[in-house]
Amino acid sequence: MTAAPDPRPLTGEPLALDLLNTRWKQDGDTQDLLTDTDGLTVWLAANGLDGAYEADAKTLRHLLQARDALKAAMDGSPEECAERIDAVLTHGRIQLGLTTQGPVERPEFNDPSWGPAWLAARSYLELLSTAPDRIRGCASDTCVLHFFDTSRNGTRRWCSMAACGNRAKASRHYARSRA
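In this report, we go over the structure that sits alongside the text.

Criteria and thresholds
Residues numbered from 1 in each chain as written. Predicted model: local features only at pLDDT ≥ 70, side-chain atom pairs only at ≥ 80, totals over all residues. Heavy atoms only, no water. Salt bridge = Lys/Arg side-chain N within 4 Å of Asp/Glu carboxyl O. Buried < 20%, exposed > 50% of the residue type's maximum accessible area, 1.4 Å probe, protein only. Core = buried A, V, L, I, M, F, W, Y, C linked by side-chain atoms within 4.5 Å. Contact = heavy atoms within 4.5 Å. Axes fitted to C-alpha atoms, helices over the stretch in contact; angles between N-to-C directions. Helix = DSSP H or I, 4+ residues; strand = E, 2+ residues; numbered from the N terminus. Parallel < 35°, antiparallel > 145°, perpendicular 65-115°, else oblique. Nonpolar A, V, L, I, M, F, W, Y, C, P; charged D, E, K, R; others polar. Polar contact = N/O pair within 3.5 Å; in protein donor to acceptor, adjacent residues only side chain to side chain.

### Brief notes about the pattern of salt bridges
Following the criterion strictly, the structure yields 11 salt bridges and no others. Here aspartate 6 makes a salt bridge to arginine 8, at a shortest N to O gap of 2.7 Å. Under the relative-accessibility criterion, arginine 8 is labelled buried at 6%. A salt bridge links lysine 71 to aspartate 75; the nearest nitrogen and oxygen atoms lie 3.0 Å apart. You can call aspartate 75 exposed: its relative accessible area is 53%.

Spelled out as structure tokens, the structure:
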């Protein structure tokens, strides 16, 4: 089955943040890509996971558990989030190996339906060990999207300059012109 087009306004972020971005605001209403397995199919395809994992109810349930754990982490509840992320991570492990191309790490799962959730939780750990200060939420009060700041000076504030950043600039300009 071919996945429908991805309706989300921000894609292409690291897997953990891309999972968080399956909820977004549109015209003031919260949208959620992961309300059913059709949305899961879209998300798996967007992240190159569609060939490896089934888009079934069990995988969706596990992915939602991971998303809730990541949301708790972003909301700044370290004790709760560590426990919740660890609960996802207990369902997989890394198997080290050697190929003709060199060393490899292969994720292994007792139950493959945990694969996407586990990979997203592991992605979050990698971001934390790489540059935790670059994991950000959009500075717009009306936006719930997250991004990994890859700008040279690390000062990115908006999920998208074309959307949220432009609205903020236009709002400031309007306020100045009225004053």
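### Observations regarding the nonpolar core
Formed by 45 residues in total, the largest nonpolar core has its most connected members in Leu19, Trp43, Leu70, Ile85 and Cys159. Contact partners of cysteine 159, with chain neighbours within four places excluded, come to Leu10, Cys138, Cys143, Leu145, Phe147 and Cys164.

### Description of the packing of helix α2 (residues 37-46) against helix α3 (residues 57-74)
For the pair α2 and α3, interaxial distance at closest approach is 10 Å and the crossing angle is 70°. Looking at the two axes, α2 sits roughly perpendicular to α3. Across the interface between the two elements, Thr37, Leu40 and Trp43 of α2 pack against Ala57, Thr59, Leu60 and Leu63 of α3. Each residue belonging to the contact of α2 with α3 can be placed in one class, and the counts come to 5 nonpolar, 2 polar and no charged.

### Observations concerning the side chain of threonine 59
Position of threonine 59 relative to the elements: it lies in helix α3. Threonine 59 sits in the buried class, given a relative accessible area of 2%. Beyond its immediate chain neighbours, meaning those up to four positions away, threonine 59 contacts Leu40, Glu54, Ser113 and Pro116.

### Focus: the side chain of serine 113
Structurally, serine 113 is set in the loop between β4 (102-109) and α5 (115-130). A polar contact is formed between the side chain of serine 113 and the side chain of histidine 62, at a distance of 3.3 Å. One polar contact links serine 113 to aspartate 111, side chain to side chain, over a distance of 2.9 Å. Excluding anything up to four places from it in sequence, serine 113 contacts Lys58, Thr59 and His62.

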